[in-house]
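Chains, contacts and geometry: an overview
In case you want the letters, here they are:
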Amino acid sequence: MVGGNLTLQCQADAPVESRQWSRVNQPLPLNASLSKDNSTLSLALLSPSDTGDYECRATNPVSTGTGTYGLTFDRETQSGSLSGGAIAGIVIGCLVGLALVGGAVYFLLRIEGLSVGHV
């Protein structure tokens with residue numbers, strides 16, 4: 001989500017001597033920060049310019065493993081606007097809620113009217 005924060009984790013099944021984060025074909029963005037042991041990469045205040053593939057390389061004396069995260073933004077997320085389906089769902093939900101409240105009020109008034117009439 002644009003403006004949000006994201007944390008990526010670099011985990012391995014074996015003991016790790018070192019971890020290294022990179023962004024494929026680009027430098028890490030200025031809003032990136034690494035944990036002390038490089039096990040996590042955090043991105044603050046995300047923006048579409050953060051789009052790309054983030055790679056973690058974990059090494060020990062025996063082997064090296066690499067994991068890649070892809071970060072993308074769609075146009076709807078970038079603009080912050082709601083889709084037509086989301087708006088329709090909100091409107092229908094509001095109408096159903098109003099109908100339920102109206103029905104409950106009618107039912108309560110009807111019961112109140114019946115008890116007053118029989119006393």
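Before any of the text, the structure's been laid out above.
This section reports on the structure supplied with the text. Numbers given for residues are sequential positions, taken from 1 along each chain in its written order. Owing to the predicted nature of the model, reporting of local features is limited to residues with pLDDT of at least 70; listing and counting of side-chain atom pairs is limited to 80 or more, with chain, interface and lining totals taken over all residues. Computation of side-chain values: all heavy atoms of the structure, hydrogens and water removed.

1. Some points on the nonpolar core
Basically, it comes down to this: Think of a nonpolar core as a cluster: buried Ala, Val, Leu, Ile, Met, Phe, Trp, Tyr and Cys residues, connected wherever their side-chain atoms sit within 4.5 Å. Residue burial is assigned from relative accessible area. The probe radius is 1.4 Å, only protein chains are included, and a residue is buried under 20% of its type maximum, exposed over 50%, and partly exposed in between. Secondary structure elements are taken from DSSP: a helix is a run of H or I of four residues or more, a strand is a run of E of two residues or more, and numbering for both begins at the N terminus. Any two residues whose heavy atoms approach within 4.5 Å are treated as being in contact.
Residues Leu8, Cys10, Trp21, Leu41, Leu43, Leu46, Tyr54, Cys56, Ala58, Leu71 and Phe73 constitute the largest nonpolar core, which totals 11 residues. Broken down by element, the residue count for this core peaks at 3 residues, all from strand E5 (residues 52-59). In this structure Leu43 touches Gly4, Asn5, Leu6, Pro29, Asn31, Ala32, Tyr54 and Leu71, once residues within four positions along its chain are discounted.

2. As for the sheet that holds strand E3 (residues 32-34)
Each strand in a sheet pairs with its neighbour through backbone hydrogen bonds, running either in the same direction (parallel) or in the opposite one (antiparallel). To keep things clear, this is the line we draw: Note on pairing: DSSP must find at least two bridges between two strands before they are called paired. Axis geometry follows a simple rule: fit a line to the C-alpha atoms, using only the stretch in contact for helices, then measure angles between N-to-C directions, giving values from 0 to 180 degrees.
Taking strand neighbours across the sheet as the criterion, the 3 strands line up as E1-E4-E3 in an open arrangement whose pairing is antiparallel. The outermost strands of the open sheet, each flanked by one partner alone, are strand E1 (6-9) and E3. Taking each pair of neighbouring strands and ignoring which way they run, the sheet shows an average axis angle of 20 degrees. Summarising the sheet, E1 and strand E4 (residues 40-43) pair through 4 bridges and their orientation is antiparallel. Within E4, the residue paired with Gln9 across the bridge is Thr40.

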